[in-house]
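Secondary and tertiary structure notes
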Amino acid sequence: MFIRNNGQIPEPAGNPGSWRITVDGEVNTPLTLAVGELEQRFQPVTYRLQMECGGNGRSFFTPETRGNQWGHGAVHQAEWTGVRLADVLRAAGVKPSAVYTGHFGADPHLSGDTGKQAISRGIPIAKAMDEHTIIALRLNGQPIPNIHGAPARLIAPGWPASTSSKWLTRVWVRDRVHDGQGMTGHSYRLTRYPIVPGSDVSPEDTVILESMPVRSIITSPAHGTELPAGTRELDLRGHAWAGEKSVRAVEVSIDYGASWEPTDLDQPEDRFAWQTWRARVPLPQRGYYEVWARATDSDGRMQPHTAGNWNPQGYGANPFHRIAVLVPA
Ligand SMILES: Nc1nc2c(c(=O)[nH]1)N[C@H]1C(S)=C(S)[C@@H](COP(=O)(O)O)O[C@H]1N2
Ligand SMILES: [Mo]
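What counts, and where the lines are drawn
Residues numbered from 1 in each chain as written. Chains lettered and ligands numbered in written order. Predicted model: local features only at pLDDT ≥ 70, side-chain atom pairs only at ≥ 80, totals over all residues. Heavy atoms only, no water. Near = heavy atom within 4 Å. Polar contact = N/O pair within 3.5 Å; in protein donor to acceptor, adjacent residues only side chain to side chain. Areas by Shrake-Rupley, 256 points an atom, 1.4 Å probe, with all protein chains shown as cover. Pairing = 2+ DSSP bridges. Helix = DSSP H or I, 4+ residues; strand = E, 2+ residues; numbered from the N terminus. Axes fitted to C-alpha atoms, helices over the stretch in contact; angles between N-to-C directions. Contact = heavy atoms within 4.5 Å. Domains from an automatic or database assignment. Buried area = accessible area lost by both parts, 1.4 Å probe. Salt bridge = Lys/Arg side-chain N within 4 Å of Asp/Glu carboxyl O. Nonpolar A, V, L, I, M, F, W, Y, C, P; charged D, E, K, R; others polar. Buried < 20%, exposed > 50% of the residue type's maximum accessible area, 1.4 Å probe, protein only.

On to the site of ligand 1, then. Phe2, Asn6, Asp107, His148 and Lys166 are the nearest of the 19 residues found near ligand 1. At 2.7 Å from an oxygen atom of ligand 1 is found a main-chain nitrogen or oxygen belonging to asparagine 6. In this structure, histidine 76 approaches ligand 1 through a side-chain N or O atom, which is 2.8 Å from an oxygen atom. Within the complex, the protein chains bury 100% of what would otherwise be the 530 Å² of accessible surface of ligand 1.

So, on to the sheet that holds strand E5 (residues 100–105). Strands sit in the order E2-E1-E9-E5 across an open sheet of 4 strands; the sheet is mixed. Whereas interior strands pair on both sides, the edge strands pair on one side only; in this sheet they are strand E2 (31–34) and E5. Taking each pair of neighbouring strands and ignoring which way they run, the sheet shows an average axis angle of 15°. Looking at chain direction, strand E1 (residues 20–25) and E2 are connected through 4 bridges and run antiparallel. Note that in E2 the partner of valine 23 across the bridge is leucine 31. In the packing of helix H2 (residues 85–92) onto the sheet, contacts are made with E1, E2 and strand E9 (168–174), and the angle to E2 comes to roughly 135°.

With that settled, consider the domain arrangement of the protein chain. Domain parsing of the protein chain yields domain 1 (16–208) and domain 2 (215–327). Counting residues at the interface gives 39 residues for domain 1 and 25 residues for domain 2. Of the roughly 2,900 Å² buried between domain 1 and domain 2, counting both surfaces, carbon and sulfur atoms make up 57%. Of all residues in domain 1, the largest losses of buried area upon contact with domain 2 belong to Arg48, Phe61 and His72, amounting jointly to 24% of the total for that side. Between glutamate 269 and arginine 48 there is a salt bridge, with the nearest N and O atoms lying 3.3 Å from each other. Counting the contacts that link domain 1 with domain 2 gives 13 residue pairs in polar contact (both at pLDDT 80 or more). Those elements that place two or more of their residues in the side of domain 1 that touches domain 2 are strand E3 (44–52), strand E4 (75–84) and strand E10 (189–191). Ranked by residues supplied to the side of domain 1 that touches domain 2, first place goes to E3 with 5 residues. Split into classes, the residues belonging to the side of domain 1 that touches domain 2 amount to 14 nonpolar, 18 polar and 7 charged.

Considering all chains together, one arrives at 16 salt bridges under this definition. Put simply, arginine 84 and glutamate 131 hold a salt bridge, and the shortest N to O gap is 3.5 Å. With a gap of 47 residues between them, arginine 84 in strand E4 and glutamate 131 in the loop between helix H3 (125–128) and strand E6 (134–139) connect regions that are remote in the sequence. When its relative accessible area of 16% is taken as the criterion, arginine 84 is described as buried. By relative accessible area, which is 44% here, glutamate 131 ends up partly exposed. Residue arginine 174 pairs with aspartate 179 through a salt bridge whose shortest N-O separation is 2.7 Å. On the basis of relative accessible area, arginine 174 is assigned to the buried category, the value being 8%.

Dropping the structure here:
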């Protein structure tokens, strides 16, 4: 799994069961619940969920944008067990004035200033009430490792992973769009209209990145694999996902996009799980091949060849994944 932290990593909780999470703001009864109470009061759910950083693919933007220069690797999938955020919000009683959530974690700001948040993002109340938005308490059946947000982590699947607060301490239900750290300026925002790459855009001409776009990755073979001499067939496999949508098709090319072959694509194992695909493609002769994969979502939108849609902090790039393999004589 990839790891991303915007602040300092908090010390592991001494007694995870007594870790407390507050739900307040536009609710009838503000609640503070210990993790142990969450487990007792609410029905457990287990889902396989993929999670992708909003900046996955950032390195493909030209000119370069600020931030981690991710390739295709800022994504992971795990089996998460927890309770539905909706159940907890219903227990607190969501007021009609509720518009958005604001999430808070225990990680200190990089500066050490206790008045500042490392990151504090949120989601519209409808997404918060989605049955797949959970407060996760276990990862692959085990306690969550500290680095992934122990003992409790919010997961808003299909949205930029920055909304999935680790070390969750508070969900503030707001009567307006949350304005915490990472919600304003150019953070996690796309431009309202296409801009000249590298140029300025005023924050009023940006919109919050919500669902992540369609994407596929090739997980086997590895980039740079030298195949046995004389190989004439290549087995490929990988994953594909599309934020709130599903993936309709994944195709592969070994001739720089001149021709494309279909792949076998599985249904997602859960609503926000990635979809596994596999293909066997003929390799006509010895030599150097690039393998490209492209996915199409359930609305018919396909991954672009390049990272278009340039935006100041480099979000939402989803160009094809390309690997190279060699067939020696
Ligand atoms: N509390 C807290 N939650 C956080 C972050 C953070 O810095 N602090 N980073 C976010 C971002 S930007 C990403 S991409 C994911 C990374 O999750 P992972 O480290 O478990 O892969 O966590 C999100 N949740
Ligand atoms: Mo991220």
